[in-house]
Amino acid sequence: MIDSSRDGKRPLWLNLLGLASLALFGVGAYLALFASPPDVNQGDLIRIMYAHVPVAWIGFVAVGVSAVWGMLYLWRSRPIDDVRAVANADAALLFSLLTVVGGMTYSKPTLNTFWTWDAKLTLTALMVALLVGYYIVRGLIEEPQRRARVSAVIMIVVLASLPFNYLAAEWFRTLHPAKSVNLDGSGVTMAPEMLRVLLINVVAAGLVFVYFVSERVRVGKLALSSARERSGFEAAAPATGEVVRVR
Amino acid sequence: MTPPAIELAGVTRRMGRELVLRGVDLEVAAGRLVVLRGGNGAGKTTLLRLLATRLKPTSGSARLFGVDVLKEPAAARARLGMLSVMGGSYPVLSARENLLLACDMAGAPRAAVGGLLERVGLAAAADKHVRTFSSGMKKRLGLARLLLLDPDLWLLDEPYAALDDDGKRLVDEVVAAARARGRTLLMASHESDREHLRPDAVLQLHDGRLRLAPAGRQA
Amino acid sequence: MSALREPRADLAREGGPRGEGASRNEASELRVVLAVARKDLLQELRSRAATVATLFFSAVTLVMMGFALGREQAVLNLAAPGVLWVALAFAGVISAAQNFQSDLEEGAFEQLLLYPVPRAAIFLGKLLANWLYLTALGALVAPVAFVLFGVELGAAAWYVVPATLLLGTFGFAVIATFYAGLTANLQAREALLPVLMFPVIVPVMLGAVRATEAVVGRSDAALAGGWLQLLGGFGLVYFVVCSALFHFVVDE
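Everything quoted here is computed from the prediction, not taken from an experiment. (Residues numbered from 1 in each chain as written. Chains lettered and ligands numbered in written order. Predicted model: local features only at pLDDT ≥ 70, side-chain atom pairs only at ≥ 80, totals over all residues. Heavy atoms only, no water.)

Observations concerning the layout of surface pockets
Here is step 1: The space that makes up the second largest pocket amounts to roughly 1200 Å³.
Here is step 2: Around the second largest pocket sit 46 residues that line it, and Tyr-73, Pro-79, Pro-144, Gln-145 and Ala-148 of chain A are the ones nearest its centre.
Here is step 3: If you list the elements that add at least two residues to the lining of the second largest pocket, you get α3 (46-76), α4 (79-111), α5 (119-140), α6 (144-174) and α7 (192-231) of chain A, α2 (73-77) of chain B together with α9 (221-250) of chain C.
Here is step 4: Per-element tally for the lining of the second largest pocket: the top contributor is α7 of chain A, with nine residues.
Here is step 5: Residue classes in the lining of the second largest pocket are distributed as 21 nonpolar, eight polar and 17 charged. (1 Å grid on protein atoms, 1.4 Å probe; cavity = no way out; pocket = protein on both sides within 12 Å on 5 of 7 lines; lining within 4 Å. Points joined across faces, edges and corners; volume = space filled by probe spheres on them. Helix = DSSP H or I, 4+ residues; strand = E, 2+ residues; numbered from the N terminus. Nonpolar A, V, L, I, M, F, W, Y, C, P; charged D, E, K, R; others polar.)

This is how it looks when you write it as structure tokens:
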């Protein structure tokens, strides 16, 4: 792994992972589009759900993982942890954007409006806004260590905001805080075969996520080492060997 | 043996895209007066802020009196004080209020303030807002704050700039007195040749590296 | 080390001589918090023009919204809590940015960060000042909003509205103080601050608006209580998180 990342070639396991996620994605898509039955109420529209739900879940997972790498960076200041945090932040932004688009696609035919202030969709839209802020700040700080520290902090704040935003969005819809916390979804029961297809799609989306992040980390590592060589900021340290002494 | 007052090993620091310090190795024994020279933008302020724990080194390590500034910045801060170029006072507070704030922040007795204002020649302007001060007066106020803290390590960024002759003599006196009390002083200045200063060493910061200036009188 | 002393230098050490090399007395943290808060409030009071402008800004926002919403009393009643909190939020962002602006002039904040005190104490001091300021602003603006929009307050309003103001402005002040510190030395600070802050304070806005709503034209203290809990929980969690993380954002 270390050797292959040095010369910039994609390691074998990453290629295999890519193939596996592609294959499973194909299987999941086939099952979702053709093999699974249409919904009693929503007919074929339910098929959007197979893509939408896994993508939404992964978006939140990615924020959590990014925040954990951020905390590790704050703890031990290793540049690679920042690379990993950003890789997951990229995935979080991508997946949450897809979630918002998917949710709007879903609600237009079912509820005849693009925007419903649905709790989870609102939550995801807020998360997109928070992540955009994360990237704006990253773009404004040039010094890499401070950039890594500040963006780690922002991601932790984003993570902490999720439960509050969720509660707020949920209560906003129901207009009442008391009868709300219903984290298992909307209480709709799902046929076992539909659930199975959904789970397969969750695993497929998970593999795509892991592949995406691993590839992004690999590229980030390359950028990191080339930046190091260009600025020589680690090579510069021991070069002089001459200590100026004032005794 | 007491640890050196300043110990820098392979210190680099990026500011934006520039590598301002490119490997500074420095050791200064306690009780010395060192003058730091270098052109504008050579990194003198960067080096001082780095020693003051305000900037973290991009790589390398820095110790003050044996205390690692990265690992224990608060302990390092307890040993140092800095006079910044602009004076570092709040413009809408009066000179006295600024010093009282310093007392509260440093846990010093508030009674010392009046005498200090007198010492730096600001007694008449004590209750005027710093906003109305000239830059020389702001410098004097910054000096009063440093006298209040009387830290083990004095970091002075261009202390003579903007001061009148009287003010420059004041800096000379204060520096000499601090030195006599065994304090360590690092001064970024273009005026290392001031008659009475007699630094232990003059360092030249050039191209991100540090060397002893030939003019420096070495102890 | 030399034992030589220049007599006049003793002015600097009236508190008694201190041992060579010993670190100076740790300032009591409460003293630091209060000193920073006092300094910030004093600055706020001294820059009277800015303070008055902020106050009028929220008043003007109320009037503008009143015009925009028309003269239907029912609509105004429904909108009043939301408009009030939007006006407060805008004013709060402006004052938070201003507060750090005056800190940055002449390198005074830099100096403040050089004292051997925990960063969290500085954060708490600034937070306290921000909170008091916003509460005072809210206490002035809320009656104006209620009068302008002809709102009839329910029986429980006399304690629900103050509690909402206190808790709502607290959550707001925590985030505002934190992000103002984070953006202090970035470009485009004034535009950046609301962009970063507003998505985080959505629950605060919602909770405060809904809690206020619960006592407008009715008096549902239980409903208000639920929202106040959200505000309290938000304030508590972010208070802990932001105090712990503040040093990462101010240190360079």
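Regarding unusual backbone geometry
Here is step 1: The residue Ala-162 of chain B is not glycine, and still its phi comes out positive at about 70 degrees.
Here is step 2: Relative to the helices and strands, Ala-162 of chain B resides in the loop between β7 (153-157) and α6 (165-180).
Here is step 3: On the basis of relative accessible area, Ala-162 of chain B is assigned to the exposed category, the value being 51%.
Here is step 4: With phi around 55 degrees, Ala-188 of chain C is a residue other than glycine that occupies positive phi space. (Buried < 20%, exposed > 50% of the residue type's maximum accessible area, 1.4 Å probe, protein only.)

Details of the pattern of salt bridges
Here is step 1: Here the structure, examined in full by the defined rule, presents 34 salt bridges over all chains.
Here is step 2: Between Arg-84 of chain A and Asp-81 of chain A there is a salt bridge, with the nearest N and O atoms lying 3.3 Å from each other. Of this pair, Arg-84 of chain A and Asp-81 of chain A are both found in helix α4, three residues apart, which corresponds to roughly one turn of the helix.
Here is step 3: Linked by salt bridges that have partners in common, Arg-49 and Arg-54 of chain B together with Glu-110, Arg-119 and Asp-251 of chain C make up one network. (Salt bridge = Lys/Arg side-chain N within 4 Å of Asp/Glu carboxyl O.)

A short note on the environment of Arg-145 of chain B
Here is step 1: Following the sequence through the fold, Arg-145 of chain B ends up in helix α5 (residues 135-149).
Here is step 2: The spacing of Arg-145 of chain B and Ser-89 of chain B is 56 residues in sequence and 9.3 Å in space, taken between C-alpha atoms.
Here is step 3: Not counting residues up to four positions away in its chain, the partners in contact with Arg-145 of chain B are Gly-87, Gly-88, Ser-89, Asn-98, Leu-99 and Ala-102 of chain B together with Gln-111 and Tyr-115 of chain C. (Contact = heavy atoms within 4.5 Å.)

Examining the sheet that holds strand β8 (residues 184-188) of chain B
All names here are of chain B.
Here is step 1: Spatial ordering of the open sheet is given by β6-β7-β8-β3-β9-β10, a layout of six strands whose pairing is mixed. A single partner strand is all that each edge strand has here, and the edge strands are β6 (80-83) and β10 (209-212). On average, each strand axis in the sheet is tilted by 20 degrees relative to the strand beside it, whichever way the strands run.
Here is step 2: Sheet analysis places strand β9 (residues 201-206) next to β10, joined by four bridges and oriented antiparallel. When the sheet's bridge partners are listed, His-206 is paired in β10 with Arg-209.
Here is step 3: Helix α1 (residues 44-51) contacts β3 (33-37), β6, β7, β8 and β9 of the sheet and is inclined by roughly 155 degrees relative to β7.
Here is step 4: Against the sheet, α6 touches β3, β7 and β8, its axis set at about 150 degrees to β8. (Pairing = 2+ DSSP bridges. Axes fitted to C-alpha atoms, helices over the stretch in contact; angles between N-to-C directions.)

Some details on the pairing of β9 of chain B
All names here are of chain B.
Here is step 1: In the sheet, β3 pairs with β9 via four bridges, with the strands oriented parallel. Bridge pairing links Arg-37 to Gln-204 in β9.
Here is step 2: Connecting β9 to the next strand, β10, in antiparallel fashion are two residues, including Asp-207 with a positive phi near 55 degrees.

A word on the interface of chain B and chain C
Here is step 1: At the interface, 55 residues of chain B touch 49 residues of chain C.
Here is step 2: Interface area, chain B with chain C, both sides summed: about 4700 Å², of which 52% is carbon and sulfur.
Here is step 3: By the criterion of area lost to chain C, the three top residues of chain B are Arg-54, Tyr-90 and Met-105 of chain B, representing 18% of everything that side buries.
Here is step 4: The residue Lys-138 of chain B makes a salt bridge to Glu-106 of chain C at a minimum N-O spacing of 2.9 Å.
Here is step 5: Linking chain B with chain C are 14 residue pairs in polar contact (both at pLDDT 80 or more).
Here is step 6: Only α2, β6, α3 (95-106), α4 (113-119), α5 and α6 of chain B provide two or more residues apiece to the side of chain B that touches chain C.
Here is step 7: Element by element, the count of residues in the side of chain B that touches chain C is highest for α3 of chain B, at seven residues.
Here is step 8: Residue composition of the side of chain B that touches chain C, by class: 28 nonpolar, 10 polar and 17 charged. (Buried area = accessible area lost by both parts, 1.4 Å probe. Polar contact = N/O pair within 3.5 Å; in protein donor to acceptor, adjacent residues only side chain to side chain.)

Some details on the sheet that holds strand β5 (residues 67-68) of chain B
Here is step 1: Strand order in the open sheet made by the five strands is β1(A)-β2(B)-β1(B)-β4(B)-β5(B), with mixed pairing throughout. With one partner strand each, in any of the chains shown, β1 (244-246) of chain A together with β5 of chain B form the two edges of the open sheet.
Here is step 2: Alignment of strand β4 (residues 59-64) of chain B against β5 of chain B, held across two bridges, turns out to be antiparallel. Note that in β5 of chain B the partner of Arg-63 of chain B across the bridge is Asp-68 of chain B.

Here we look at the packing of α3 of chain A against α5 of chain A
Helix packing geometry: the angle between the two helix axes and the distance between the axes.
Residues and elements named next belong to chain A.
Here is step 1: Across the interface, α3 lies against α5 with an axial gap of 11 Å and an inter-helix angle of 35 degrees. Note on packing geometry: the crossing formed by α3 with α5 is left-handed. Where α3 approaches α5, its residues Gly-59, Phe-60, Val-63 and Ser-66 are matched on the opposing element by Leu-123, Thr-124, Met-127 and Tyr-134.
Here is step 2: Considering only residue class, the contact of α3 with α5 consists of five nonpolar, three polar and no charged. (Left-handed = near helix turned anticlockwise from the far one by under 90°.)

Comments concerning helix α1 (residues 29-46) of chain C
Here is step 1: In this model α1 of chain C runs 26 Å from its N-terminal to its C-terminal C-alpha over 18 residues, within 8% of the 26 Å that 1.5 Å per residue would give.
Here is step 2: Turning to α1 of chain C, its buried residues are Val-32, Val-33, Ala-35, Val-36, Ala-37, Lys-39, Asp-40, Gln-43 and Glu-44 of chain C. (Expected span 1.5 Å × (residues − 1).)

Quick notes on the interface of chain A and chain B
Here is step 1: Contact with chain A, which involves 17 residues of that partner, is made by 28 residues of chain B.
Here is step 2: Taken together, the links from chain A to chain B amount to two salt bridges.
Here is step 3: With a shortest N-O distance of 3.9 Å, Glu-143 of chain A and Arg-13 of chain B are connected by a salt bridge.
Here is step 4: Counting only elements with at least two residues in the side of chain A that touches chain B, the list comes to α6 and β1 of chain A.
Here is step 5: Of the residues assigned to the side of chain A that touches chain B, the class counts are eight nonpolar, three polar and six charged.
Here is step 6: Of the strand pairs in this sheet, β1 of chain A and strand β2 (residues 18-28) of chain B are connected by three bridges, and their pairing is parallel. The partner of Val-244 of chain A across the bridge, within β2 of chain B, is Leu-26 of chain B.

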